Amino acid sequence: MFHPISAFIAWRYSTAGKQNSFVSFINRFSVAGIALGLMALIVVVSVMNGFEAQLKARILGLVPHIVVSHSDNIEPAQLEKLENVHTVTPFLEAQGVLQSKSGLRGVQIQGVMAEDMQNSVLDNSMQLGQLSSMTPGSFTVIISQALGRQLQVGVGDKVRILMAGASVYTPFGRLPSQRLVTVAGVHNVGSRLDEKIIFMALTDLKKMLRRADDSPADYRLFLNDAFTYQPTVQQLNNAGLKSENWRTRQGPLFDAVKMEGNMMFLMLILIIAVAAFNIVSALVMVVSEKQGDIAILQTQGLSRAKLMAVFMLNGVFNGVKGAVIGLVLGVLIALELNTLLEWMGVSLALSADGAAVPVDIRVSQVAIYTLLSLLLCFLASLYPALRAMRTQPAAALQND
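Residues numbered from 1 in each chain as written. Predicted model: local features only at pLDDT ≥ 70, side-chain atom pairs only at ≥ 80, totals over all residues. Heavy atoms only, no water.

Participant: In this structure, what is going on with the packing of helix α10 (residues 304-335) against helix α12 (residues 363-380)? I would like to understand it.
Facilitator: How two helices sit against one another is set out by the angle between their axes and by the gap between those axes. Where α10 contacts α12, the axes come no closer than 8 Å and their chain directions differ by 155°. Classed by the angle they form, the pair α10 and α12 counts as roughly antiparallel. Here α10 runs over α12; the crossing is right-handed. Where α10 approaches α12, its residues Met312, Gly315, Val316, Gly319, Val320, Ala323 and Leu327 are matched on the opposing element by Val366, Thr370, Leu374, Cys377 and Phe378. Grouping the amino acids of the contact of α10 with α12 by side-chain chemistry returns nine nonpolar, three polar and no charged. (Axes fitted to C-alpha atoms, helices over the stretch in contact; angles between N-to-C directions. Helix = DSSP H or I, 4+ residues; strand = E, 2+ residues; numbered from the N terminus. Parallel < 35°, antiparallel > 145°, perpendicular 65-115°, else oblique. Left-handed = near helix turned anticlockwise from the far one by under 90°. Contact = heavy atoms within 4.5 Å. Nonpolar A, V, L, I, M, F, W, Y, C, P; charged D, E, K, R; others polar.)

Quick look at the structure:
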């Protein structure tokens, strides 16, 4: 069978066994370094992806993606035609204080229509009660499990809402707008914003703000992907519409998460780079070990280019073996990470229900990391290959 001579010799060197235990050791050591580095990169980045995805779902499920100020010149149908817009709903927001017999908390009150929130993150996280019970005129609210625990209230209990933004002047001075409302439901999205946001029927909030039922409301835009909000905001700016997006409030948090992910990626890439450049020392030692072989190959007519290819392919073969092993182990460990943690008795509650570590394996990322590992191995093989190519046969045979 025909074998390219450079690839054949490189494969023999990379699979050296008992006939040369020293070469075998350094080859296996370099392969193990690449495998462990790529495996760690895949597992850690997959967990970071899962954490970011859950953070995105929990926080941006409650915070409006984009809020467009009400205008007589805009209709919901026009907003639905914008890029990346999934749904447009009427929306109001106000600051207030929620008071119970056991305490009070400052909250953001979101005025929404229950039918518009069907199949949303809020609807899917309801623990007690139903969103449909938040009907206009009922003056009911949906609160979080965390807020209910702090105020010691549950479904059916009465709480008082006070809003200084809609205060009125009375003979006793300026008093905030206030009203007793009933807790109609309890949700548990699992976000740090749970205890800061409550939901009320849109018309009920208008009444508390002392507005007419037919007064215009703002528009809340649900995007297909909240992270690609810029084109939509740009279209709104071009149309002369005032808007506010989620970056105003939650941007620093996601910037911090992205920075943490980038630094983790950089650290693990450096680990792979150290393992890849271990191939340099390994191949240099192989070149020194094989001086006699190199000289004989040259006297037999092997060209300098093919001789260089021998050691280039030797490093690449080691890189391929390490990358394949790291790829398989990384994907398997990422898929079974929670099973492994449970088996080892390690508890890392990072998911919404506190039961599992979120894992999101992205094929494109895994492919890029694998190719990057191979590229580092290729670059690490250049110097030893050039050194082997410059070997002088006469001097090598004289010293052998």
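Following the structure, the description resumes.
Participant: Any chance you could explain the pairing of strand β9 (residues 218-223) here in plain terms?
Facilitator: For β9, the buried fraction is high: six of the six residues fall into the buried class. Residue alternation in β9 divides its side chains into two sets, Asp218, Arg220 and Phe222 and Tyr219, Leu221 and Leu223, and both sets are buried. As paired strands, strand β1 (residues 66-68) and β9 are joined by three bridges and run antiparallel to one another. Looking across to β9, one finds that isoleucine 66 is bridged to leucine 221. (Buried < 20%, exposed > 50% of the residue type's maximum accessible area, 1.4 Å probe, protein only. Pairing = 2+ DSSP bridges.)

Participant: Explanation requested: the environment of threonine 182 in the structure shown.
Facilitator: Along the chain, threonine 182 falls in strand β7 (residues 173-187). A relative accessible area of 18% places threonine 182 in the buried class. When the C-alpha positions of threonine 182 and isoleucine 142 are compared, they lie 8.9 Å apart, and in sequence the two are 40 residues distant. Dropping the residues within four chain positions of it, threonine 182 is found in contact with Phe139, Thr140, Val141, Gly156, Asp157 and Lys158. Here lysine 158 takes part through its side chain, which lies 2.8 Å from a polar atom of the side chain of threonine 182. (Polar contact = N/O pair within 3.5 Å; in protein donor to acceptor, adjacent residues only side chain to side chain.)

Participant: Can you walk me through the UniProt feature "transmembrane region" (unreviewed entry) in the protein in this structure?
Facilitator: Mapped onto this structure's residue numbering, the UniProt feature "transmembrane region" (unreviewed entry) falls at residues 29-51, 265-287, 307-333 and 367-386. Between the C-alpha atoms that bound residues 307-333 there is a distance of 39 Å. The span itself is 100% helix and 0% strand. Annotated as residues 367-386, this span is 95% helix and 0% strand, and its ends, taken at the C-alpha atoms, are 29 Å apart. (UniProt positions renumbered as here; feature names shortened; annotations may be inferred.)

Participant: Please clarify how helix α7 (residues 230-238) should be interpreted in this entry.
Facilitator: Helical geometry note: an α-helix holds 3.6 residues per turn, so side chains three or four residues apart project in the same direction. Three or more residues of α7 are buried, namely Thr232, Val233 and Leu236. One side of α7 holds all its buried residues, which, seen down the axis, span an arc of 100°. Lining the buried residues of α7 we find β1, α3 (76-80), β2 (85-100), β9 and β10 (243-245). Just beyond α7, the residue with positive phi is glycine 240, at close to 75°. (Arc of directions from axis to C-beta.)

Participant: Please explain the pairing of strand β5 (residues 140-144) as it appears in this structure.
Facilitator: The side chains of a regular strand alternate between the sheet's two faces. By the criterion of burial, β5 is predominantly enclosed, with five of the five residues buried. On β5, burial covers both faces: Thr140, Ile142 and Ser144 on one face and Val141 and Ile143 on the other are all buried. As defined by bridge partners, β5 adjoins strand β8 (residues 197-201) across two bridges and the pair is classed as antiparallel. Bridging from a neighbouring strand, isoleucine 142 pairs with phenylalanine 199 of β8.

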